[in-house]
Amino acid sequence: MKEMRRFSLSNSHQADTHASQMLSTLAVCLLLLCAGQAVAQSEQQRVLCIGNSFTYYNDSHQWLCDIAKSEGKNLSATSVTVGGYSLYRHLVHDKTQSAILDGDYDFVLLQDQSQTPARCAALGRKGRPIARDARQLAERIRIYSPDAHIWVEQTWAYPHGNYGGFGSMERFDSLLRRGAKKMARSAHAKVSPIGDGFIIARRERPDINLYTEDGSHPSPSGTYLKCCVNYLMLYATPFSAQTATCGIDAGQAAYLRSVAERVVLHGEK
């Protein structure tokens, strides 16, 4: 009986030891998993924004980073913007080329002069040089950032200057969409459909002013919509409850985020 009792106690001790070892192993695994998630979350990604005043208004590159940060992403931005610049002019601009040479970007956003993509579509075959400019810029970027994801921004129509010289908002928007797609195909890139978001928001919420007083540049609300669309193009995940509003009215910000999700995640126009 004593031997049986010792045997039972020995088995119990071994079982307790084994269970303790398993718990210790599990705890270590959980710690390693949490540490791995923390490292992955803090791993910085870089975006290069090339454009003009449609990008530098309201520091859109910084708002993009603020939105990303609120979503747990560590994103840093380099922005090269000159008022009125086309991608053609960026091809020979020293600061743009210097930023490209810096390299190792994860994402690149290309924003052409506000009417240029529409002209690219309207001119038909004669618009090919515009698409070629986008291709040449993308090719140069890929030399120094071979793994970068590149987008051509589809910007928005505006009434200023007889709708950019295209006669109506509808035609202007349509040409911007077609031109951006043409440029993106040439550059082996994708389109960021910001202009489609503007169309929906103008139609559904005319009380939200997307433009500044000049009728073409983005207001803070317009910039926020642009940034939300770009964020979703970069990360392709719906917004959470804690997404940064960047100083926009909370209700308007929530609506504009929903528009961005409809456009990017569901393909609405």
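Small disclaimer: the values here were computed from a predicted structure and weren't measured.

Caption draft 1: Geometry of the overall build of the protein. If you tally the helices and strands in the protein, you get 12 helices and five strands. Expressed as a percentage of its 269 residues, the buried residues of the protein come to 48%. Put simply, of all contacts in the protein between residues at least 6 apart along the chain, 78% involve residues at least 24 apart. Per element, the accessible surface of the protein, about 13600 Å² overall, is 54% carbon and sulfur.

Caption draft 2: Local environment of helix α3 (residues 60-70). With eight of 11 residues buried, α3 is to be regarded as a mostly interior element. Looking at the packing, one finds that the buried side of α3 touches β1 (45-51), α2 (53-56), β2 (75-81), β3 (107-110) and α11 (220-235). At the C-terminal side of α3, G72 shows a positive phi close to 85 degrees.

Caption draft 3: Spatial organisation of unusual backbone geometry. The phi dihedral of H188 is positive, around 55 degrees, even though this residue is not glycine. Taking relative accessible area as the criterion, H188 reaches 65% and is therefore assigned exposed. Backbone geometry places A236, a non-glycine residue, at a positive phi of 55 degrees. Examined against the element boundaries, A236 turns out to sit in the loop between α11 and α12 (250-266).

Caption draft 4: Representation of the nonpolar core. Formed by 49 residues in total, the largest nonpolar core has its most connected members in I67, L75, Y224, L225, Y231 and L234. Elements supplying a minimum of two residues to this core: β1, α3, β3, α6 (116-122), α9 (169-187), α10 (194-204), α11 and α12. Of all the elements, α11 adds the most residues to this core, at 10 residues. When neighbours within four sequence positions are excluded, L234 is seen to be in contact with L64, L75, F107, L109 and W151. Core analysis: the next-biggest nonpolar cluster, separate from the first, contains 26 residues, L48, L110, A131 and A134 among them.

Caption draft 5: Layout of the sheet that holds β2. Taken together, the five strands give an open sheet; going across it, the order is β2-β1-β3-β4-β5, and neighbouring strands pair in parallel fashion. Two strands lie at the open edges of the sheet, namely β2 and β5 (190-192), each paired on one side alone. With strand direction ignored, the average angle separating the axes of adjacent strands in the sheet is 25 degrees. As paired strands, β3 and strand β4 (residues 149-153) are joined by four bridges and run parallel to one another. Paired with L109 across the two strands is W151, which belongs to β4.

Caption draft 6: Representation of the pairing of β4 within the structure. Burial of β4 is extensive: four of the five residues sit out of reach of the surface. Direction of pairing for β4 relative to β5: parallel, over a ladder of three bridges. Bridge pairing links E153 to S192 in β5.

Basis of the calculations
Residues numbered from 1 in each chain as written. Predicted model: local features only at pLDDT ≥ 70, side-chain atom pairs only at ≥ 80, totals over all residues. Heavy atoms only, no water. Helix = DSSP H or I, 4+ residues; strand = E, 2+ residues; numbered from the N terminus. Buried < 20%, exposed > 50% of the residue type's maximum accessible area, 1.4 Å probe, protein only. Contact = heavy atoms within 4.5 Å. Areas by Shrake-Rupley, 256 points an atom, 1.4 Å probe, with all protein chains shown as cover. Core = buried A, V, L, I, M, F, W, Y, C linked by side-chain atoms within 4.5 Å. Pairing = 2+ DSSP bridges. Axes fitted to C-alpha atoms, helices over the stretch in contact; angles between N-to-C directions.

So, to be careful, I would describe these as geometric facts and stop short of saying anything about function.
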